[in-house]
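# Per-entry structural report
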Amino acid sequence: MIGGEKRGVMVQVDKRRVRERMVRDQLKSRGITDKAVLRAMSTVPRHLFVQEALQSQAYEDNPLPIGHAQTISQPYIVALMSQYLQAEEGMTVLEIGTGSGYQAAILAEMGLQVYSVERLRELHVETRQRLGKLKYFRIRLKLDDGTLGWPENAPYDRIMVTAGGPKVPEPLIDQLADPGMLIMPVGGSKRRQELVIVEKSEGQVSRRREGGVAFVDLVGEHGW
Ligand code: SAH
């Protein structure tokens, strides 16, 4: 018989190995090189951000449902968006679409001060509890329409939207620091978007498009 505590330690070691395999096979092999991103992805216990019945699938190469018709992104997409941010330790980042809190935890592990907004009360409450249990006390959460941003703490060095909308919400561009960078899935049709990167520098705002993605809808005043 193995005692509960010892079994707990064994599960942790086992999950760590699974995460290291995920980092090698899904991230490094596809060109994720940012050391802070890779370290965060091998540290955050992704299986604790999904429902219990799905825990054994948490490290697979696909998105998973998190309840309330929402999803946690595929590990590669989380890493890719985090890498695009080109963030440095100590920066502030605003995330729109807290969901399970997984992306927020990755950003916190990268050394960023994270503010995250979620519009669904149940998810907001569940995720607040989850992040508390996991001791991510420095992540600040808000229940609101994130297309309006979180003006009280602006400007943000980085903004990441993890839901897809028809356009980049104007309030988010206003709340972006100069210099600053925003990343968001934008698309005219629901569930099919392109990653759009907005950079603010010396008062100028520029945009470029990266590859295609499929996110759940950004619902709100400046969303769907
Ligand atoms: N980043 C999350 C996954 C995001 S799923 C994670 O790591 O788990 C997209 C989330 O965006 C959903 O939880 C959805 O409820 C939320 N969302 C959609 N529109 C929103 C809005 N206007 N403001 C804040 N959150 C929104």
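Going along each chain's sequence as written, the residues are numbered from 1 onward. Where totals are concerned, whole chains, interfaces and linings use all residues; where local detail is concerned, this predicted model gives features only for residues with pLDDT of at least 70, and gives and counts side-chain atom pairs only at 80 or more. As a rule here, side-chain values come from all non-hydrogen atoms in the structure, and water together with hydrogens is ignored.

Reading across the sheet, the seven strands line up as β5-β4-β3-β6-β7-β8-β9 and stay open at both edges, with mixed pairing between neighbours. Pairing within the sheet leaves two strands with one partner each, and these edge strands are β5 (140-143) and β9 (204-213). Taking the axes of each pair of neighbouring strands and ignoring which way they run, one obtains an average angle of 20° across the sheet. Whether two residues touch is decided by their heavy atoms; if any such pair falls within 4.5 Å, the residues are in contact. Axis definition: a line fit to C-alpha positions, over the contact stretch in the case of helices; interaxial angles, taken between N-to-C directions, run 0 to 180 degrees. Secondary structure counts use DSSP, requiring at least four H or I residues in a row for a helix and at least two E residues in a row for a strand, with both numbered from the N terminus. The sheet contacts of helix α5 (residues 121-133) involve β4 (113-118) and β5, and relative to β5 the element is tilted by about 165°. Any two strands with at least two DSSP-identified bridges between them are counted as paired.

In this section: the confidence of the model for the chain. In this model, the chain carries a mean pLDDT of 95, and residues with pLDDT of at least 70 account for 99%. Looking across the chain, the model is least confident in helix α1 (residues 4-27), with a mean pLDDT of 88, and most confident in strand β6 (residues 156-161), with 99. For every residue, the predictor states its confidence as a pLDDT score lying anywhere from 0 to 100.

Salt bridge, as used here, is a side-chain nitrogen of Lys or Arg placed within 4 Å of a carboxyl oxygen of Asp or Glu. Applying the stated criterion across every chain yields a total of eight salt bridges. With a closest N to O distance of 3.3 Å, E20 and R16 form a salt bridge. Taken together, the residues span about one helical turn, with E20 and R16 both in helix α1 at a distance of four residues. Partly exposed residues are those whose accessible area sits between 20% and 50% of the maximum for their type, while under 20% is buried and over 50% is exposed, using a 1.4 Å probe and protein chains only. Under the relative-accessibility criterion, E20 is labelled partly exposed at 42%. For E194, the salt bridge identified is with R209, shortest N-O distance 2.4 Å.

What follows covers the side chain of E95. Here E95 shows up in strand β3 (residues 92-96). Think of a polar contact as two N or O atoms within 3.5 Å of one another; within protein, one of them needs to be a possible hydrogen donor and the other a possible acceptor, and neighboring residues in sequence only count if both atoms come from side chains. Of note is the side chain of E95, whose polar atom sits 2.8 Å from the side chain of S116. For E95, the contacting residues outside a window of four places in its chain are Q103, A104, Y115, S116, V117, M160 and T162.

With that settled, consider the packing of aromatic side chains. Aromatic rings from Phe, Tyr and Trp, with only the six-membered ring used for Trp, were paired whenever their centres fell within 6.5 Å, and each pair was classed as stacked if the ring planes differed by under 30 degrees, edge-to-face if by over 60, and tilted otherwise. What the rule picks out here adds up to three aromatic pairs. With a centroid separation of 5.5 Å and an interplanar angle of 85°, the aromatic rings of Y115 and W150 are classed as edge-to-face. Of the two residues, Y115 is situated in strand β4 and W150 in the loop between β5 and β6; the sequence distance between them amounts to 35 residues. An identical accessibility class is assigned to Y115 and W150; each is buried. Ring plane angle 65° and centroid distance 5.7 Å describe the contact between Y115 and Y156, whose orientation is recorded as edge-to-face. One end of the pair, Y115, is in strand β4; the other, Y156, is in strand β6, with 41 residues separating them in the sequence. For the pair formed by Y115 and Y156, the shared burial category is buried. Taken together, the aromatic side chains of Y115, W150 and Y156 make up a single cluster linked through ring pairs. Across from the ring centre of Y76, 5.1 Å away, lies the NZ or CZ of R30, which sits over that ring. The ring of Y102 carries R46 above its face, with NZ or CZ at 5.0 Å from the centroid. Both a distance and an angle decide whether a charge sits over a ring: NZ of Lys or CZ of Arg must be within 6 Å of the ring centre and within 35 degrees of the ring normal.

The next subject is unusual backbone geometry. Among all residues except glycine, the phi angle is most often negative; among peptide bonds, the trans geometry is most common. Between A154 and the following residue, P155, the backbone shows a cis peptide bond with an omega angle of 5°. Tracing the backbone through its elements, the reader meets P155 in the loop between β5 and β6. Here the amide bond leading from D178 into P179 is cis, since omega sits at 0°, within 30 degrees of zero. Residue position: P179 is located in strand β7 (residues 176-189). Unlike most non-glycine residues, H68 shows phi in positive territory, near 55°. Positive phi, close to 45°, is recorded for Q86, a residue that is not glycine.

For the rest of this paragraph, the subject is the packing of helix α2 (residues 35-43) against helix α4 (residues 102-109). Describing two packed helices takes the angle between their axes plus the distance from one axis to the other. At a minimum axis distance of 8 Å, the contact between α2 and α4 shows a crossing angle of 125°. Judged by the angle between their axes, α2 and α4 are oblique. Crossing of α2 over α4 shows right-handed handedness. Contacts between α2 and α4 involve A40, M41 and T43 on the former and, on the latter, Y102, I106 and E109. The residue classification treats Ala, Val, Leu, Ile, Met, Phe, Trp, Tyr, Cys and Pro as nonpolar and Asp, Glu, Lys and Arg as charged. All others, Gly included, are polar. By residue class, the composition of the contact of α2 with α4 is four nonpolar, one polar and one charged. Should an angle fall under 35 degrees it is called roughly parallel, over 145 degrees roughly antiparallel, and 65 to 115 degrees roughly perpendicular, with every other angle called oblique. Each crossing gets its handedness from the near helix: less than a right angle anticlockwise from the far helix is left-handed, clockwise is right-handed.

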